[in-house]
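One-letter residues, chain by chain:
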Amino acid sequence: MQKGNLRVDPRRVKLFTDLNLSPEKLKLIPSKFTEPLPIQRKMLALYVSDVSTFARSVPNTGKTTSAIMSMLLAEGSSQSVIAAKKHSWINNLVLVPTPGLADQYQTLLKSFGLNHVQVLYRNGVDRVKEDEKQHKELKGILGTKTHSTLVATPSRLLDYLSSQPHLLKGKLDNIKRLYIDELDMFQHENPEKTTMLETLLQYILDLNKLNQNYPLLTLMSNKSPRPLEFAKLPTLLNQQAEKRFIYDVSVNPPEWAGQCIYFDSKGDIVSIDNATETQSDTKESFNKREIMKDLSREQISQKAVEVLKTIWRGAGLVVIPNNSFSPNMILSGLNEQGISNPVVRVDEISGLQLENVNRIYTFNQLSSQEISKLKYMLSGDKKELCIVNLDF
């Protein structure tokens, strides 16, 4: 990727004042942020320099907050306010892999004072009711003469572009900032297959190119996304880089210093290793997922509690797949066994602080990418990731 002249050198940024921001813009940064974190220094310096960014670091190091700060600083500019009186469009588009991360963005954006925010996703729970709610809110926001932020999963946004193109007509062709968070979670196991993210990204970039508009790109990842393993992403990024430079400000993640302990469905240890990847996406594992489709949430959750009770090694965090498992049933079942422990779905972990968590319990129904993400979040000495092979 090409290099250009930077207005602010990321290597020299220690404080927010080093970003050469005007006094008015410095006041927009919430007072609770006394100084930027390492990844934030780099990301914000590049934003001020008006260049696109690829940022990779372990979770909870400040990438998402940096992205929101860049929106905040842009929305606070006088040019932005003047333009908002003349046009109504989506200024910020954030693409995320899960509903949980979309909700996290909406909460954080509003906490920063950015209120014109809409989320688009499907979570499988009260689907019709949620669709109606999101549709009504989207129409309301797009009907106002203000800049808006849209946070969406690619599949849901593609649904809208296909089924209701009139609603978004003229709203996505002048995007100023385009963010892709947790890029690694969008990967497909077959690198030759185009992902929905790439399909949507190509459409958005081509649409903006017609207006001679090249959005500021911010790509964030919790681990190496191996971009060459995407079918179209490298080409799309190279084309974009011809008009707007893209800099890599990644921070190398710490080595996995803990251990993975694999258990069978009886609670016996199958193996212990420190491998980067797991065997959760083998053909055998997929076959088990097919079998689980015929089981009720209650049956699956009861089995999960039985195995967890057998293998329990002390306090930790129980992370379950997004579907099939019931967090409330598992939590209740563990409480009946005298075990008081938090239970969360895998798409809810992005916003959690895991510095004091030394152990995570999970199941082989998670994908290899989700397992790897847990390992990066749990990086450190004397950490344990307990993976249960939930066989029926």
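In case you missed it, the structure is sitting above this.
Residues numbered from 1 in each chain as written. Predicted model: local features only at pLDDT ≥ 70, side-chain atom pairs only at ≥ 80, totals over all residues. Heavy atoms only, no water.

J.: Could you clarify how one ought to interpret the nonpolar core in this entry?
T.: For soluble globular proteins, the rule of thumb is that nonpolar side chains tend to be buried together. Of all hydrophobic cores here, the largest spans 39 residues; its most connected members are Leu19, Val94, Val96, Tyr105, Leu109 and Val151. Those residues in contact with Val94 that lie beyond four places of it in its chain are Met71, Tyr105, Thr149, Leu150, Val151, Ala152 and Tyr179. Leu95, Leu167, Leu217 and Ile246 belong to the second-largest nonpolar core, a separate cluster that totals 32 residues. (Core = buried A, V, L, I, M, F, W, Y, C linked by side-chain atoms within 4.5 Å. Buried < 20%, exposed > 50% of the residue type's maximum accessible area, 1.4 Å probe, protein only. Contact = heavy atoms within 4.5 Å.)

J.: Please clarify how the pattern of salt bridges should be interpreted in this entry.
T.: Scanning the model with the defined rule gives six salt bridges in all. A salt bridge links Asp9 to Arg11; the nearest nitrogen and oxygen atoms lie 2.9 Å apart. By relative accessible area, which is 70% here, Arg11 ends up exposed. With its nearest N and O atoms 3.9 Å apart, the salt bridge here joins Arg12 to Asp9. With relative accessibility at 68%, the residue Arg12 sits in the exposed group. Taking the relative accessible area as the measure of exposure, Asp9 reaches 21% and is therefore partly exposed. Each of Asp9, Arg11 and Arg12 takes part in salt bridges that share partners, so that together they form one network. (Salt bridge = Lys/Arg side-chain N within 4 Å of Asp/Glu carboxyl O.)

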